[in-house]
Protein chains: 2
Amino acid sequence: MRRVAIVGTGLTKWGVRNATYKELVQEAGKDLFDDVPNLDKKHVDSLFVGSALVDRLAFQAYPAPLVAEQLGLTPSRMVMRTEMACVSGQSAIRVAWASIVAGLSDVAVVVGAEKMNTPNMAETQASMACVLDREWDGVNGLNAPPYFALIAQRHMHEYGTTEEQLAEVSVKNHDYAATNPYAHYPKRVSREKVLSSAKIAPPLKLLDCSGITDGAAAVLMTHEGLAKKYTDTPVFVEGLGQAQSGSLVVNLESLTTWHPLRRAAQEAFKMAGVTIRDMDLAETHDCFTISEIMEYEDLGLCEKGQGGQFVMDGQSRIGGTLPTNLRGGLLGCGHPLGATGVAQAIEIVRQFKAQVPEDRYVGGEWGLCHNLSGNANNHALMVLRRGG
Amino acid sequence: MRRVAIVGTGLTKWGVRNATYKELVQEAGKDLFDDVPNLDKKHVDSLFVGSALVDRLAFQAYPAPLVAEQLGLTPSRMVMRTEMACVSGQSAIRVAWASIVAGLSDVAVVVGAEKMNTPNMAETQASMACVLDREWDGVNGLNAPPYFALIAQRHMHEYGTTEEQLAEVSVKNHDYAATNPYAHYPKRVSREKVLSSAKIAPPLKLLDCSGITDGAAAVLMTHEGLAKKYTDTPVFVEGLGQAQSGSLVVNLESLTTWHPLRRAAQEAFKMAGVTIRDMDLAETHDCFTISEIMEYEDLGLCEKGQGGQFVMDGQSRIGGTLPTNLRGGLLGCGHPLGATGVAQAIEIVRQFKAQVPEDRYVGGEWGLCHNLSGNANNHALMVLRRGG
């Protein structure tokens, strides 16, 4: 079986951007092509685009050909857009991986992009809510902040998790975002500032929530035989896992244990032949502070219910058990849905290539990426390994 | 490399359905599960959903988990929605194929579904137009009927193609739809009726255009080692090809030759080790009558410019060079975007299993499926072979 590597990376500045979807894609593409000067665009035979809400927010369906055109590509093998809400970006990487392993593609560009900020933010919020089943959870208002607030309340009730512990996740991730020039929120926040920020859905406050952000990210992927043509340090995708529970909140297996995350992690680590203890760093899906706390637990970094203590003890900082979300996470970088999963992979690659500022540099050999989508009914994981 | 087969099929009745997106999915799922009584749903490890405009027309993003729930599935490997406008359905089959070959999936359900008819058909039409680049072709009104009319006018100018020849495509496809109980338009039409139907965009009239249709289709796919568990007649996916030109009309290589179709066909036939002459039947993308005429030509069934004569001579009917669109095509069945590519594959499978009415039965060993999307800037082909 062909091994598949990420061999180039490109990012835009994330934020409230005065740029269209197409302009964001161009910007990420330019950054990617600058990173792989040996690439002849004619050799890119496939394109995979991860975008969640482009149909609604940019009034643009069928974005893949348009992305191809912006990047100056005319792929002759595979062209596809993947949509899985907040897992859209990692989905694009997964299908690129499968396509290359299966021999349908040799050299693939993967783009994740989202234009979230529009002239009508009420419309943006309504569109974000259409990720839920519109006949049930949607009309009942169970969109992301109230739903994750429900989880947080239950977690606090069952395990004694505190608002201070939630806040510490935001403090940590903003600390790391502070030196990330691509981040939407590149500045430190104190625990007091998080705790006193505007209430969104109790116990979640504004700084417990990831932002509404425009941004794009792009990677070049190929098989081992071609990887060294583009980089001295290919980063191999060694494990993939994804699992689904019910769709509606009422059909989830649990509020406070993410069983699909556990199953997906088991699958991904088994495929890579490693365990969570072999990871040198992780990018997890901190859409809300409570999410990252649950992720520590369901990834097996600590006992169930101890995630709050884990972050308070600095175990997810550099020097701790597993440095987590060193680019600043969704809390610090913002969350342009389709771009997030691709940008997480880029953080791992740039860490392995020592292309990040020294104060958040860890490097190492093994990295983990995790995304969840909707009401956390779908979880996807990817295990990356430094080659070269 | 693992060979991958379609081992079960399910369809809904297509038409203006008093049914939601979820209900259509359920109905196709039930038909599929009835077709594979040996299937234990717990063994379905992956789900791929092809839907183009569900975000806009059903106000429902992220449909894949919702489809899983409707079908009673909780996939533990891959879950993904693919969107490529009119190629969305075939895209879902392609990614299922790649996922199974790559070992990420063993047993996959693929669903194509679209709910097109809504209480506000002006909104439906606006949503369909957002398949085009909204900043250029979209605002200039180059949506599907005017654009394919432009092609037809140019084809008539260059090659002397006539309105009668265009009409004959519609006559043929309605002839075959007439005995297809799943078709939106299951009745014959005369050439005179096509020619005198309402003008849409000259030279295209109402009966030169495929309809706005609700419908769903589903298949079960697995690798060769498991195929016989579910069917005596697995149908193997032996060749895949896809190619892209520019996105904007101004960047297409030609109006009257579909170069991406030629490249994709070359790729798919090379992979399958056969040629167009080995095909026993074909499903091609007759979104408009002119499309099917161009497809004869660019698939190499006749010389460029001779497509009109080809259909007049009955060469695409049973007994001719290559029986084409025997289920009735998009013209006879209607065109629920994401469902079409899956339903085309189902026609080939049901032909090979002699599950179609005798008057359109051809059977044989090799079948071709072709889709195009947008302004024909992307073409995808799939070569199927009867096993068993």
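Before reading further, recall that the structure is shown in the block above.
Residues numbered from 1 in each chain as written. Chains lettered and ligands numbered in written order. Predicted model: local features only at pLDDT ≥ 70, side-chain atom pairs only at ≥ 80, totals over all residues.

## Observations concerning helix α4 (residues 88–101) of chain B
Here α4(B) spans 20 Å end to end across 14 residues, near enough to the 20 Å set by a 1.5 Å rise per residue. In terms of residue burial, α4(B) counts as a mostly covered element, since 14 of its 14 residues are buried. (Helix = DSSP H or I, 4+ residues; strand = E, 2+ residues; numbered from the N terminus. Expected span 1.5 Å × (residues − 1). Buried ≥ 20, exposed ≤ 12 C-beta atoms within 10 Å, placed from the backbone.)

## Describing the pairing of strand β7 (residues 215–223) of chain B
Residue and element names in this part refer to chain B. A large share of β7 lies buried, amounting to nine of its nine residues. Burial along β7 is two-sided: the face carrying Gly215, Ala217, Val219, Met221 and His223 and the face carrying Ala216, Ala218, Leu220 and Thr222 are both buried. Pairing analysis gives seven bridges linking strand β1 (residues 4–11) to β7, with the strands arranged antiparallel. Within β7, the residue paired with Val4 across the bridge is His223. Pairing between strand β4 (residues 107–114) and β7: eight bridges, direction antiparallel. Residue pairing across strands places Gly112 opposite Ala217, the latter belonging to β7. (Pairing = 2+ DSSP bridges.)

## A look at the interface of chain B and chain A
The interface is formed by 50 residues belonging to chain B together with 50 residues belonging to chain A. Of all the secondary-structure elements, those providing two or more residues to the side of chain B that touches chain A are α2 (54–57), α3 (63–71), β3 (78–83), α4 and β8 (235–244) of chain B. Top contributing element to the side of chain B that touches chain A by residue count: β3(B), with six residues. Grouping the constituent residues of the side of chain B that touches chain A by class yields 25 nonpolar, 16 polar and nine charged. As judged from the three bridges shared by strand β3 (residues 78–83) of chain A and β3(B), these two strands associate in the antiparallel manner. (Contact = placed C-beta atoms within 7 Å. Nonpolar A, V, L, I, M, F, W, Y, C, P; charged D, E, K, R; others polar.)

## Let's talk about helix α11 (residues 259–272) of chain A
All names here are of chain A. Between its first and last C-alpha atoms α11 spans 20 Å; for 14 residues at 1.5 Å apiece the expected length is 20 Å, and the two agree. Elements in contact with the buried residues of α11: β8 (235–244), α12 (289–298), β10 (366–373) and β11 (378–386). With its phi angle positive at about 70°, Gly273 sits one or two positions after the end of α11.

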